[in-house]
Amino acid sequence: MTDAYIYDAVRTPRGRGKKDGALHEITSVSLATQVLQALRDRNGIDTANVEDVVLGCVTPSGEQGSDIARTAVMMAGYAETTGGIQVHRFCASGLDACNIAASKIISGEAEMTVGGGVEAMSRIPMGTDRGAWPTDPSVALDTCFVPQGIGADIIATLEGFSREDVDAYAMESQIRAARAWSEGRFARSVVPVKDQLGLTILDHDEHMRPGTTMQSLASLKPAFQEQGDTFYDGIAVQRYPQIDRISHVHHAGNSSGIVDGAAGVLFGSKEAGDRLGLKPRARVKAMAAIGSEPTIMLTGPTYVTRKALGKVGMTPEDIDLYELNEAFASVVLKMMKELAIPHDKMNVNGGAIAMGHPLGATGAMILGTAVDELERSDKETALITLCVGAGMGVATIIERV
Amino acid sequence: MECFSIQTGADGIAEVLLDVPGRTMNTITPEVMAELGPLVERIAGDDAIKGVVLASGKANGFCAGADLGHQAQNAGQSKGEAEQREALERAYRLNALLRRLETCGKPVAVALEGLALGGGLEIALACHYRVAARSPRLQLGLPEANVGLLPGGGGTQRLPRLIGIAKALPLLLEGKPLRAEEAHRLGLVHALAEPGETIAAARAWLATTPEPLQPWDRKGYQLPGGGPYGAGGPAIIAGSATVKKRSFGNYPAQENILRCVYEGVQVPIEAGLRIESRYFLKTRQTPQAKAMIRTQFQSIQALRKGALRPAGFPKWETKKAAVLGAGMMGAGIAFVQAAAGIETVLLDVSEDAATKGKAHSEKVVEKAVARGQMTREAGDALLARITASADYSLIEGADLVVEAVFENRELKAEVTKKAEALLKPGAVLASNTSTLPITGLAEASVRPDSFIGLHFFSPVDRMDLVEVICGQKTSPETLAKGLDYIDRIRKTPIVVNDARGFYTSRCFGTYSAEGMEMFAEGIAPAIIDNVGRMTGMPRGPLELVDDVAIDLVYKVRKQTREDLGDAYKPEARDAIVTRMVEDFGRFGRKNGKGFYDYPEGGPKTLWTGLSDIAPVRIARPSPELIEEIRTRLLYRQALEAARCMEEGVVSDPRSVDVGAVLGWGFARWTGGPASLIDMVGVAEFVARCDALAQKYGARFAPPAFLREIAARGGSLYEAEATTVAEAA
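The notes below deal with the structure included here. Residue numbers here run from 1 along each chain, matching the order of that chain's written sequence. Here chains are named by letter from A upward and ligands by number from 1 upward, in the order in which they appear as written. Local features in this predicted model are restricted to residues of pLDDT 70 or higher, and side-chain atom pairs are both shown and tallied only at a pLDDT of 80 or more, whereas totals for entire chains, interfaces and linings draw on every residue.

**Some thoughts on the overall build of chain B**
And then number 1: Runs of E in the DSSP output that reach at least two residues are strands. Runs of H or I that reach at least four are helices, and both are numbered from the N terminus. A tally of helices and strands in chain B yields 30 helices and 19 strands.
And then number 2: Each radius of gyration reported is based on C-alpha atoms, and the globular scaling rule is 2.2 Å times the count of residues to the power 0.38. Over its C-alpha atoms chain B spans a radius of gyration of 28 Å, differing by no more than 12% from the 27 Å that the globule rule assigns to 728 residues.
And then number 3: Overall, chain B is about 85 × 65 × 60 Å in size when its C-alpha atoms are taken along their principal axes.
And then number 4: Residues counted as buried form 51% of the 728 residues belonging to chain B.
And then number 5: Any residue pair is listed as a contact if its two C-beta atoms, each placed from the backbone, are within 7 Å. Within chain B, counting contacts between residues at least 6 apart in sequence, those at least 24 apart form 73% of the total. Partly exposed residues are those whose C-beta has more than 12 but fewer than 20 other C-beta atoms within 10 Å; 20 or more makes a residue buried and 12 or fewer makes it exposed, with C-beta atoms placed from the backbone.

So this is what it looks like as structure tokens:
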């Protein structure tokens, strides 16, 4: 089998996912297109060498529908022969897109591919495409469906994470993200988004709240209390009868932010890179995906991490850097607790709580963050993982070359 | 045609009346089904008919729906493929006929007076115009889910198409009937008319030569409120969440109603009706449907109609009745008596106490008047029938006296003596007690043959059950009179024999007793109560103890220990309630301290000190453990009911089931303890109990008579059928 190498990784800054967000007036296609163009232009490659582009997108509806990957490929001016496929595994879509892009190299199907993702959440709101899972009573009833925020609160309840615990984690995410930006740690990856005239419209992550304090977090109202009281706590305890009362600790300040953004990662074989004069930055060492209990929904990272590590005979201590998407604070706290991962190895440059989680793109973004950070801090291996809707987990282990 | 009559006037309007012969109330009998086809074809084919008014030939209403007796015969069994296809064809017939009616090209208006329930309302929904009488007797509803079925005559399809998913779901899922104004406001009926004038109103509509098209057959029709993937999404999602939260997966009818609506509204109505018929069949084939039709409908009806009343005594009427003791129970009994038109004397030690008791009725009446459920005049007349007093001489002339004083033998004996001195011959002396043996109480009376136990449940105006207890000397005539009185106050009786705790109180306690055994074993309290609710019981066993009061359980156990002496069997709960009461002063909800804490203004939470009484050994349950807890909690109750049957405390399985479901909220989906045992299969039930007895002790040992039934492959209901047949 061929080794898959990462040659480059880029992302857009993340715009606030609201009508007043800077990227709200930029189309999803444009976001994805700009990422693909940046990958091409920075590396000076003839896109005839790029055989396929795999993009994650969680709400493939409206302008994000009809295979946005191929749409962006066409709009980016890539070679006509470059394919495009959109994939969807909820929050892990971006990482899955990268894993699929890497797999194409490994299997020999392709020599050079792009993995990435796009989500303009301000334009195509989360849930626009609905789906049978919550809507079809057969599915909702049989799977004990609850919204994922309730799942995050179940985790906190079962693990005994208090409101202070999750808020403290959120606070740290803000501090780390602010430090990373001020030290220019994202400079290599972030490509400013241009407007219709080609002028920069956003060059930094817009969602961050540097003034966050424990007091300001404490004043936020639990986001899932009402849903829980009305319906879902009564359903959750049918799966977890050991719970007397669910403590609703998550809110807008310790959950991932709603943002717009896109990301892309250039994969290739060693030979293809040599041919094009590209220098590999990292090698894909292992990949894994799993399913886990769907009601709590967000416990997948631990299991998928163990599975990926097992494939290459590694233990949690062997990993130098972890990127676990900060969907909710309790998700990260649980994985650190279960795998005994010290906080200084986990999300060292902050995460989605501070900077936002553009659903389909995040996986590719944090993969890029890991590549940059391995180089910056001179470390060897990183593991990137995300919790996933309906109870899944996806992970990728990379090593610097 | 026997059931339908049809008369066409010179104006071309055919008046079709439904009047099923030999029935007080119209239902959709096999005969109605057989005639419906030719009727629809006649309407469609007879050129003289320009339009149709459909109405009832009976004064009490249009139609009460499907013939549940007939449905019951087919319930609870699934079939092979060929039979399944045949059954589906039969189930689809009504849908096919009603679809033909609404597309036959002639306008059909229905005039609704009184009841239109279930299939009755579904026929009405297939008409193009509905006018309902502005009458308190009018009730429109689809109550199928309450007996474990779903509306199979197009109700799950036409109702959402008519009023939208959000408004239709509660009517389909909860089955509560609507009054005229509500039905009109929701859009179920097009117009209201004065009682007796609905046919004229229907004719007036037909005179406007309306287009004979249903809304959903018109061009450009859109589902009101949007479909599951449009604006109606939140409604269907909330529907699933509500059903899941409340029914714990125990009620396939509700779940299948949701499926019918979701799947059906996304396709043309013909396909929707086919989907509905499939789910109807699937639902009827569940054991829940069989059990619920029997208990919730057939058995309750039979008991209300006097199935257990000794024959040979003329119908007896209670014109005047006295209630002794104006506490919560006495006050409630006085209200239901007065509501049934019985002249009521409410007595207590002081006029003041008696007046306080009457105030309860005043409050209930006030509420009913405010809600428009009762006229002011009717309310005043009801209250005028209650005389609150301390004067025992007012008992004179009473046909029946209900004693409802505190559960204290001496006190009960005293008021019994005082009352019967004033009673006329032939009058009934009834004691409302939940635990004290009737035979013993009757000893205070000089005519123990006229003495009977009538165990009412609290709150009396909302709880339908009365447990009738025959003492050793209670005469059949007294039983007949007691049952006639219960019929008069519109309650449902079960009949049991005298024994400690009778039937309901004795079995009821086993649920929380088993919960406390689990607590003592170290199963986390949250698991016990959550799984308790998951069995379909209204509350978890531990929170139930809090509601009943821990100190009460403590006192009852102490009393039992004293009464039984060596025969007393110690239980885990004894030590638990003793520590809760003696060491921690935790009496339950009433002092805000029980298994739970009850913070003011906040939700209750488990008391953190519980682990000092019983350290938690099982904090995370496996699916197998959850299943075992479920089984223990339900079987423990069912076993006690079976023991009551063996001991002759209660012999009729209908009383066993109805008493459990109405009396202590036993999981409705099972049909009751006897139905549960039959559902599991007696042999299987016995085998599982033996296994539980091995693991947890003799309290799970099945009684010998269950083994006998198991050995001959019988069932509790079948055993009953044999007994009845032998007796006949």
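There is more to say, and it comes next.
**A few points about the interface of chain A and chain B**
Bring the parts together and some accessible area is lost; that lost area is often taken as the interface size.
And then number 1: Tallying the contact residues gives 19 residues for chain A and 30 residues for chain B.
And then number 2: Counting only elements with at least two residues in the side of chain A that touches chain B, the list comes to helix H4 (132-135), helix H5 (137-142) and helix H9 (225-239) of chain A.
And then number 3: Take the side of chain A that touches chain B: its biggest share by element is six residues, from H9 of chain A.
And then number 4: Following the grouping adopted for this structure description, the nonpolar residues are Ala, Val, Leu, Ile, Met, Phe, Trp, Tyr, Cys and Pro, the charged ones are Asp, Glu, Lys and Arg, and the polar ones are all others, Gly among them. Its residues assigned to classes, the side of chain A that touches chain B comprises 10 nonpolar, five polar and four charged.

**Remarks on helix H26 (residues 653-664) of chain B**
Residue and element names in this part refer to chain B.
And then number 1: For H26, spanning 12 residues, the distance from its first C-alpha to its last is 16 Å, which sits close to the expected 16 Å at 1.5 Å a residue.
And then number 2: Within H26, 12 of the 12 residues are buried, which leaves it mostly tucked inside the rest of the structure.
And then number 3: Along H26, the residues classified as buried are Pro653, Arg654, Ser655, Val656, Asp657, Val658, Gly659, Ala660, Val661, Leu662, Gly663 and Trp664.
And then number 4: Phi for Gly665, located one or two positions after H26, is positive at around 70°. Expected span of a helix: the number of residues minus one, times 1.5 Å.

**Some points on the sheet that holds strand E1 (residues 4-8) of chain B**
Residues and elements named next belong to chain B.
And then number 1: Strand pairing is defined by DSSP finding a minimum of two bridges between the two strands. Overall, mixed pairing links the six strands, which are arranged E1-E2-E3-E5-E7-E9 in an open sheet. Here the strands that pair on one side only, and so sit at the sheet edges, are E1 and strand E9 (191-193). Neighbour to neighbour, the strand axes of the sheet diverge by 20° on average, direction disregarded.
And then number 2: Two strands pair when backbone bridges link them, and E1 and strand E2 (residues 13-18) are joined in this way by five bridges, in the antiparallel orientation. When the sheet's bridge partners are listed, Thr8 is paired in E2 with Ala14. Each axis is a line fitted through C-alpha atoms, taken for helices only over the stretch in contact, and angles between the N-to-C directions span 0 to 180 degrees.

**Structural notes on the nonpolar core**
All names here are of chain B.
And then number 1: The nonpolar core criterion groups buried Ala, Val, Leu, Ile, Met, Phe, Trp, Tyr and Cys residues into a set whenever they are joined through C-beta atoms within 7 Å. Of all hydrophobic cores here, the largest spans 355 residues; its most connected members are Val53, Leu112 and Val401.
And then number 2: Considering every element that reaches this core, the biggest residue donor is helix H25 (residues 623-646), with 10 residues.
And then number 3: Sequence-distant contacts of Leu112, that is, excluding residues within four places in its chain, are made with Phe62, Ala124, Arg130, Val131, Ala132, Ala133, Leu138, Leu140, Val189 and Thr198.

**Brief notes about the packing of H25 of chain B against helix H28 (residues 682-696) of chain B**
Residues and elements named next belong to chain B.
And then number 1: Packing of H25 against H28 brings their axes to within 11 Å, and their N-to-C directions diverge by 110°. Between H25 and H28, the crossing angle belongs to the class labelled roughly perpendicular. Contacts from Thr631, Arg632, Tyr635 and Leu639 of H25 reach H28 at Arg688, Cys689 and Leu692. Should an angle lie under 35 degrees it is considered roughly parallel, over 145 roughly antiparallel, and from 65 to 115 roughly perpendicular; all remaining angles are considered oblique.

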